[in-house]
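# Structural overview
Single-letter residue listing:
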Amino acid sequence: SSGINAEYGMEHIKNFPYSKMEPDVNRIIQFARKRGATIFGSIGTCWGSYLVVKMSALPDFKAGISMHPSHPKMMTLLEENEEEAYKEIHCKQLFLSAGNDHENVFPGGLGEKVLGDKLRVEVFPDMVHGWVTRADISDEKNNRDVSKAVELFIEFFKENM
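The sections below set out a description of the structure shown in this document. (Residues numbered from 1 in each chain as written. Predicted model: local features only at pLDDT ≥ 70, side-chain atom pairs only at ≥ 80, totals over all residues. Heavy atoms only, no water.)

### Some thoughts on the overall build of the protein chain
Rule in force here: Numbering goes from the N terminus for both helices and strands, where a helix is a DSSP run of H or I of at least four residues and a strand is a run of E of at least two. Radius of gyration here uses only the C-alpha atoms, and the compact-globule reference equals 2.2 Å multiplied by the residue count raised to the power 0.38. Under the scheme applied here, a residue whose accessible area is under 20% of the maximum for its type counts as buried, over 50% as exposed, and between as partly exposed, the area being computed with a 1.4 Å probe on protein chains only. Contact between two residues is taken to exist if any of their heavy atoms lie within 4.5 Å; hydrogens are not considered. Only the protein chains shown count as cover for residues, and all accessible areas are computed by the Shrake-Rupley method using a 1.4 Å probe. Positive charge is attributed to Lys and Arg, negative charge to Asp and Glu, and no charge count is given to His or to the chain ends. One atom stands in for each charge, and that atom is NZ of Lys, CZ of Arg, CG of Asp or CD of Glu.
Looking only at helices and strands, the protein chain has eight helices and four strands in total. Going from N to C terminus, the protein chain has its helices and strands arranged as α-α-β-α-β-α-α-β-α-β-α-α. Compactness check: the protein chain gives a C-alpha radius of gyration of 16 Å against a globular reference of 15 Å for 161 residues, within 12% of the reference. Along the first, second and third principal axes, the C-alpha set of the protein chain runs to 45 × 35 × 30 Å. Out of the 161 residues belonging to the protein chain, those deemed buried represent 39%. Considering only intrachain contacts with a sequence separation of at least 6, the fraction spanning at least 24 residues in the protein chain is 65%. Of the roughly 9000 Å² of accessible surface on the protein chain, 52% is carried by carbon and sulfur atoms. Looking at charge distribution, the protein chain has the averaged site of its 19 positive side-chain charges lying 6 Å from that of its 24 negative ones.

As structure tokens, then:
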């Protein structure tokens, strides 16, 4: 058990639309620019994929990675249009989806329909939502798929940044 009441969690998420997080994103980008950064990538797990989608519309972002993405559910809660958000993305994306993640983050889903060749989707059918960060890697299947996910996102950043 995560220790968080699911209803409370859903209500809590409503407090964090991108407009509320955007000032922090801008401060971080400015901080990095002052230290020489010129291009950016983002990586997020679970509802962090929402921020990946939003930041991937910014001009200096070259790649976005979403592991067991929850942005479809989050956008529904925030009454945002997922398709329109995808249309604003200009950089390459990698979705690492668990077997029980939302259909929009699977091959043939809304993400792929809108993003086309800007999106690579890797499905891990043996994994459940949260596996990258919470899986018991002493289990052989979990270790295999977490290791593969790490290899994929390192390779993806190397290729696209």
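### Focus: the nonpolar core
Operational definition: Residues belong to one nonpolar core when they are buried, are Ala, Val, Leu, Ile, Met, Phe, Trp, Tyr or Cys, and are joined through side-chain atoms within 4.5 Å.
Among the nonpolar cores identified, the biggest contains 24 residues, and Y50, F61, Y86 and F95 are the most heavily contacted of them. Broken down by secondary-structure element, the contributors of at least two residues to this core are α2 (18–34), α3 (48–55), α4 (71–77), α5 (82–88) and β4 (119–124). Sorting elements by how many residues they give to this core places α2 first, with five residues. If you look at the next biggest cluster of nonpolar residues, it comprises 15 residues, including L94, L96, M127 and W131.

### Structural notes on the packing of aromatic side chains
The cut-off we apply is this: By convention, a stacked pair of Phe, Tyr or Trp rings (six-membered ring in the case of Trp) has centres within 6.5 Å and planes under 30 degrees apart, an edge-to-face pair has planes over 60 apart, and any other such pair is tilted. Two limits define a charge over a ring: the Lys NZ or Arg CZ must be within 6 Å of the ring centre, and within 35 degrees of the ring normal.
All chains considered together, the criterion is met by four aromatic pairs. Ring geometry for Y86 against F95: centres 6.4 Å apart, planes inclined by 40°, an arrangement best described as tilted. Side by side, Y86 and F95 carry an identical accessibility label, which is buried. The cationic tip of K20 hangs over the ring face of F16; the distance from NZ or CZ to the ring centre is 5.4 Å. Across the ring face of F31, the terminal group of R35 is positioned such that the distance to the ring centre comes to 3.6 Å.

### Some details on the side chain of S49
Threshold: Any pair of nitrogen or oxygen atoms within 3.5 Å is treated as a polar contact; in protein, a donor-acceptor pairing is required on top of that, and neighbouring residues in sequence qualify only through side-chain atoms on both sides.
Locating S49 in the fold gives a position in helix α3. Of note is the side chain of S49, whose polar atom sits 3.0 Å from the backbone oxygen of C46.

### A short note on the sheet that holds strand β3 (residues 92–98)
Sheet strands pair via backbone hydrogen bonds, and the direction of the pair is either parallel or antiparallel. Threshold: What makes two strands pair is DSSP finding at least two bridges between them. The convention used is that axes are lines fitted to C-alpha atoms, helices contributing only their stretch in contact, and that angles between N-to-C directions extend from 0 to 180 degrees.
The strand order β1-β2-β3-β4 describes an open sheet built from four strands, whose pairing is parallel. In this open sheet, the two strands that pair with only one neighbour each are β1 (40–45) and β4. The mean inter-strand angle of the sheet, taken between neighbouring strand axes irrespective of direction, is 10°. The strands touched by α3 within the sheet are β1, β2 (61–67) and β3, with β1 carrying the most contacts at an inclination of about 155°. Against the sheet, helix α8 (residues 140–160) contacts β1, β2, β3 and β4, and its axis sits at roughly 170° relative to β2.

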